[in-house]
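An overview of the molecular structure
This is what each chain is made of:
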Amino acid sequence: MSSGPHSTFEHELRSLDLEDLRRLAIACLRVRLSGFSSDEIESAAQEVMLGLTQTVRRRGIQRSAKAIMVQICRNVAADMIHARQHERELQRGWVLEHETQGLSEQDEELDEAIRRATFFVKEYLTLRRAECMPLAEAKQRGQTLKDFAAANGFSHDQVRQLWSRCVRFVIDAIERGRLQLEWPLPAKRRARRD
Amino acid sequence: MIDVHARFSALLPAYFADALSEAEHAWIEQHRAECAGCAELFARLEARLPELRDHAGHAPVSVLEDLAQPDSPLTKLERQLVLQHLESCAACMAEARALGYAERARTRIVPTWLWRAGFAAAAALVMFVAIRPEVPTPVHGPTPIVEHAPAPSVARTTVRIALTEPTRGAAAPVTIALVDSSTNTLAIELPPIFLADSSAMTIRVVAASGTTFSQRSLIPDELALPIRLDSTTGPWPPGRYVLELVPAGTGDVSIVRRYEFELRARRP
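Keep in mind that this is a model prediction, so the values were computed, not measured.

**Considering the overall build of chain A**
Within chain A, the secondary structure is distributed over ten helices and zero strands. Reading the secondary structure of chain A in the N-to-C direction produces α-α-α-α-α-α-α-α-α-α. Sequence-distant contacts in chain A: of pairs separated by 6 or more residues, those separated by 24 or more amount to 60%. About 10600 Å² of surface is accessible on chain A, with carbon and sulfur atoms providing 48% of the total.

Laid out in structure tokens, this is it:
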């Protein structure tokens with residue numbers, strides 16, 4: 001066992017119920033990896049647990065072990081699906097570490113805040129059955145308004161105006177405090193001050 | 001004194017979600033041009049956007065975590081949006097449960113003795129409906145009929161009912177729907193109703209006998225979607241009903257809206 005700063009989180013690792021986390025990992029992987037064999041899911045669960053323990057050893061538990069586990073499950077499942085789709089060898093590694101290598105805590109939090117903002121905007125427009133729902137879905141996939149316009153035979157101006165109309169709903173909701181898209185969230189801002 | 005750099009980073013999530021006003025968008029661009037540190041932060045986030053989209057279409061893990069917390073930092077609307085997503089995403093629902101989320105049981109309003117009495121009354125109503133003359137068509141046109149063919153292998157079915165707003169000078173329309181013994185849920189589509197965001201209300205379905213068959217609270221945002229109502233007595237019995245929207249008194253609405261509909265037994 002190596003000594004040094006990484007070992008300071010060993011006690012956190014020992015406090016985890018790894019069997020429970022492994023069982024939850026398998027449940028999460030099963031839903032995302034339909035069509036994969038039980039052996040493949042078992043291997044993926046091993047990879048998730050190894051990634052979880054390495055992450056906790058190096059960085060401790062910032063939010064909760066289950067949240068770390070769920071994030072690694074998503075990444076491992078996405079990797080396996082990509083590998084099957086593109087018929088390339090799976091890059092084995094500790095995917096959470098790979099993603100967060102070199103990232104500051106602020107950058108990680110901002111990444112998650114962007115995911116949250118994109119999610120809530122899309123879901124709110126879905127709730128309101130807004131005319132720009134296809135736009136919101138396209139943006140979530142990484143398509144720009146210009147790409148969408150070109151792909152669907154509209155002018156860029158038309159699409160921009162449509163999006164502006166829809167964004168008004170979101171801005172109204174933010175101004176009324178019903179949606180919280182800023183970073184950090186007000187509760188976390190207060191906690192940091194205390 | 002406002003920290004402009006804190007304001008810049010605070011607005012970045014909405015910027016990348018394209019949910020900023022024109023003024024705020026312009027401010028972000030201007031500050032980027034003036035501040036090297038913030039410009040670098042912006043560039044780092046922008047470079048990682050393709051990675052962030054790897055899990056697009058799913059709820060972020062922190063959102064599922066927040067949902068599971070008893071003192072959740074989510075607003076009421078945000079919570080509703082997450083639940084909306086979970087209804088259609090098995091993967092996120094599995095993860096939400098793994099993170100400790102437990103679905104709340106729906107509260108039954110009607111006590112047992114009352115629903116039994118109500119069921120007897122509904123049975124008597126069925127006999128009355130079976131022998132009385134046909135209901136005349138409203139002045140404004142034919143009454144829409146919603147049909148739902150129950151799948152033979154499914155024990156519980158849902159019937160959709162689209163209610164229409166009465167027009168001035170015309171008889172109140174009565175929507176008719178066909179039900180059978182497997183119809184446990186009505187999916188009610190209300191006509192457009194404009195309410196303040198703070199208006200909480202109760203939706204209630206009352207039979208002609210006065211028995212309440214379903215009741216729950218809802219918020220204005222739910223009005224845009226079909227409202228699913230289960231009968232407290234099991235399958236919805238045929239009969240005439242009134243759906244009432246009763247304001248909770250927290251908003252600026254005091255009127256009780258009422259819509260009539262009728263459930264008729266589907267012929268085998």
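**Description of the pattern of salt bridges**
Tallying each qualifying case throughout the model produces 26 salt bridges over all chains. One salt bridge in this structure joins Asp20 of chain A and Arg23 of chain A, with 2.2 Å as the shortest N-O distance. Of the two residues, Asp20 of chain A and Arg23 of chain A are both situated in helix H2 (residues 18-32); the distance of three residues between them amounts to about one turn of the helix. With a closest N to O distance of 2.5 Å, Arg160 of chain B and Glu189 of chain B form a salt bridge. With Arg160 of chain B in strand S2 (residues 157-162) and Glu189 of chain B in strand S4 (residues 183-189), the pair connects residues that are 29 residues apart, well separated along the chain. A relative accessible area of 41% places Arg160 of chain B in the partly exposed class. Relative accessible area serves as the criterion here: at 28%, Glu189 of chain B is assigned to the partly exposed category. What you see here is one network of salt bridges that share partners, running through Asp107 and Asp111 of chain A together with Glu40, Arg44 and Arg48 of chain B.

**Some remarks on the sheet that holds strand S7 (residues 227-230) of chain B**
Residues and elements named next belong to chain B. Taking strand neighbours across the sheet as the criterion, the three strands line up as S2-S4-S7 in an open arrangement whose pairing is mixed. The open sheet terminates on both sides in strands that have one partner only, identified here as S2 and S7. In this sheet, adjacent strand axes meet at a mean angle of 30 degrees when their direction is disregarded. Here S2 pairs with S4 via six bridges, running parallel. Residue pairing across strands places Thr158 opposite Thr185, the latter belonging to S4.

**Observations concerning the confidence of the model for chain A**
When pLDDT is averaged along chain A, the result is 80; 82% of the residues meet or exceed 70. Looking at the elements of chain A, mean pLDDT is at its lowest for helix H5 (residues 95-100) of chain A, recorded as 47, and at its highest for helix H9 (residues 156-175) of chain A, recorded as 90.

**Some thoughts on the packing of helix H2 (residues 22-34) of chain B against helix H3 (residues 36-52) of chain B**
Residue and element names in this part refer to chain B. Contact geometry of H2 with H3 gives a least axis separation of 6 Å together with a crossing angle of 115 degrees. Here Ile28, His31, Arg32 and Glu34 of H2 lie close against H3, whose contacting residues are Ala36, Cys38, Ala39 and Phe42. The class makeup of the residues in the contact of H2 with H3 is five nonpolar, one polar and two charged.

**Observations concerning the interface of chain A and chain B**
Across the contact, 53 residues belong to chain A and 53 residues belong to chain B. Of the roughly 5000 Å² buried at the junction of chain A and chain B (both faces included), carbon and sulfur atoms supply 58%. Its largest share of buried area at the contact with chain B, chain A owes to Arg74, Leu127 and Arg178 of chain A, together 15% of the area lost on that side. Applying the counting criterion to the chain A and chain B interface returns seven salt bridges.

**As for the packing of aromatic side chains**
Under the definition given, this model contains eight aromatic pairs over all chains. With a centroid separation of 5.3 Å and an interplanar angle of 80 degrees, the aromatic rings of Tyr15 of chain B and Phe16 of chain B are classed as edge-to-face. Like Tyr15 of chain B, the residue Phe16 of chain B is buried in the burial classification. Between the aromatic rings of Trp236 of chain B and Tyr241 of chain B, the centroid separation amounts to 5.5 Å while the plane-to-plane angle is 80 degrees, which identifies the pairing as edge-to-face. Here Trp236 of chain B matches Tyr241 of chain B in class, with each residue buried. Ring pairs connect the aromatic residues Phe213, Trp236, Tyr241 and Phe261 of chain B, which therefore count as one cluster. Lying across the ring of Trp163 of chain A, Lys139 of chain A places its NZ or CZ 5.1 Å from the centre. Taking NZ or CZ as reference, Arg7 of chain B lies 4.3 Å from the ring centre of Trp27 of chain B, over its face.

**Description of the side chain of Asp107 of chain A**
Secondary-structure assignment places Asp107 of chain A in helix H6 (residues 105-127). Under the relative-accessibility criterion, Asp107 of chain A is labelled buried at 2%. Among the polar contacts made by the side chain of Asp107 of chain A, one reaches the side chain of Arg44 of chain B at a distance of 2.6 Å. Residues in contact with Asp107 of chain A, not counting those within four places in the same chain, are Leu41, Arg44, Leu45 and Arg48 of chain B.

**Here we look at unusual backbone geometry**
In this structure, the amide linkage connecting Trp183 of chain A to the following residue, Pro184 of chain A, adopts the cis form with an omega of -15 degrees. Relative to the helices and strands, Pro184 of chain A resides in the loop between H9 and helix H10 (186-193). The phi dihedral of Arg129 of chain A is positive, around 50 degrees, even though this residue is not glycine. You can see Arg129 of chain A is positioned in the loop between H6 and helix H7 (133-140). The residue Asp18 of chain B is not glycine, and still its phi comes out positive at about 60 degrees. Assignment of secondary structure puts Asp18 of chain B in the loop between helix H1 (4-16) and H2.

Analysis parameters
- Residues numbered from 1 in each chain as written.
- Chains lettered and ligands numbered in written order.
- Predicted model: local features only at pLDDT ≥ 70, side-chain atom pairs only at ≥ 80, totals over all residues.
- Heavy atoms only, no water.
- Helix = DSSP H or I, 4+ residues; strand = E, 2+ residues; numbered from the N terminus.
- Contact = heavy atoms within 4.5 Å.
- Areas by Shrake-Rupley, 256 points an atom, 1.4 Å probe, with all protein chains shown as cover.
- Salt bridge = Lys/Arg side-chain N within 4 Å of Asp/Glu carboxyl O.
- Buried < 20%, exposed > 50% of the residue type's maximum accessible area, 1.4 Å probe, protein only.
- Pairing = 2+ DSSP bridges.
- Axes fitted to C-alpha atoms, helices over the stretch in contact; angles between N-to-C directions.
- pLDDT = per-residue confidence, 0-100.
- Nonpolar A, V, L, I, M, F, W, Y, C, P; charged D, E, K, R; others polar.
- Buried area = accessible area lost by both parts, 1.4 Å probe.
- Phe/Tyr/Trp six-rings, centres within 6.5 Å; stacked < 30°, edge-to-face > 60°.
- Lys NZ or Arg CZ within 6 Å of the ring centre and 35° of its normal.
- Polar contact = N/O pair within 3.5 Å; in protein donor to acceptor, adjacent residues only side chain to side chain.

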